[in-house]
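In case you want the letters, here they are:
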Amino acid sequence: MTTELRTFPPRPLRGVKAAYVRQGGCPSYFAQVVADFEPWEQGVEFELADTSTVPGWPAEWVSELHEAFGSGVREELAALDPGTTVAVAVVLRSIKVHEVDSNALAFRHAGRLAVRNALVEAYGPPPRPRRDRT
């Protein structure tokens, strides 16, 4: 079996949505993001667009959410098949927070989910493993 060589993203992927919501007890988590994945130089570049402030939140808290989102994106991209070259600029277009349940861990998970959603948009869903019927 050969691994197909590819570059991520193969084309601009705009408006990729991701939400990480885990509620139903304490602790609860909430993060909702919209990001663009643009072809760029090899590696990962981050930009922020209109997400630098959240009403009622100190700038350092919002910065922590941005950093956590970026960490999640980097972690998920690092786990790609060795045949995939990452050459992407990730533009964080919008974030939504919950006044109690949003935190860095939720935004880290949202970053990972955003990459997964972008991969599905770019290449389609991953193949499902076949189950042998006996």
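Provided above is the structure to which this section pertains.
Residues numbered from 1 in each chain as written. Predicted model: local features only at pLDDT ≥ 70, side-chain atom pairs only at ≥ 80, totals over all residues. Heavy atoms only, no water.

Chemist: Summarise helix 2 (residues 104–123); cite the residues concerned and give the values.
Modeler: Here helix 2 is 20 residues long and its end C-alpha atoms lie 29 Å apart, about the 28 Å a rise of 1.5 Å per residue gives. All of the buried residues in helix 2 are Ala-106, Phe-107, Ala-110, Gly-111, Arg-112, Ala-114, Val-115, Ala-118, Leu-119 and Ala-122. Looking at where helix 2 begins, the residue whose side-chain oxygen comes 3.2 Å from the main-chain nitrogen of Leu-105 is Asn-103. The first or second residue beyond helix 2 is Gly-124, which carries a positive phi of 85°. (Helix = DSSP H or I, 4+ residues; strand = E, 2+ residues; numbered from the N terminus. Expected span 1.5 Å × (residues − 1). Buried < 20%, exposed > 50% of the residue type's maximum accessible area, 1.4 Å probe, protein only. Polar contact = N/O pair within 3.5 Å; in protein donor to acceptor, adjacent residues only side chain to side chain.)

Chemist: Residue-level account of the pairing of strand 5 (residues 84–96), with values.
Modeler: Sheet topology note: the strand 1 (residues 6–8)/strand 5 ladder contains 3 bridges and is parallel. Note on strand 5: the bridge partner recorded for Phe-8 is Val-86. With 8 bridges joining them, strand 3 (residues 29–39) and strand 5 adopt antiparallel strand pairing. From the neighbouring strand, Asp-36 faces strand 5, where its bridge partner is Val-91. Relative to strand 5, strand 4 (residues 43–48) is paired through 6 bridges, and the arrangement is parallel. Directly across from Gly-43, in strand 5, lies its bridge partner Ala-87. (Pairing = 2+ DSSP bridges.)

Chemist: Please give an account of the pairing of strand 3 that cites residues and values.
Modeler: Here strand 3 lies mainly inside the structure; 8 of its 11 residues are buried. Bridge analysis of strand 2 (residues 13–22) against strand 3 gives 8 bridges, and the strand direction is antiparallel. Counted as the bridge partner of Val-16 is Ala-35 from strand 3. Connecting the antiparallel pair strand 2 and strand 3 is a turn made up of 6 residues, with Gly-24 showing a positive phi of about 135°.

Chemist: Can you tell me about helix 1 (residues 59–78), naming the residues and giving the values?
Modeler: Relative to the 28 Å expected for 20 residues at 1.5 Å per residue, helix 1 spans 29 Å between its end C-alpha atoms, a close match to the ideal helical length. Listed in full, the buried residues belonging to helix 1 are Val-62, Leu-65, His-66, Ala-68, Phe-69, Gly-70, Gly-72, Val-73, Glu-76 and Leu-77.

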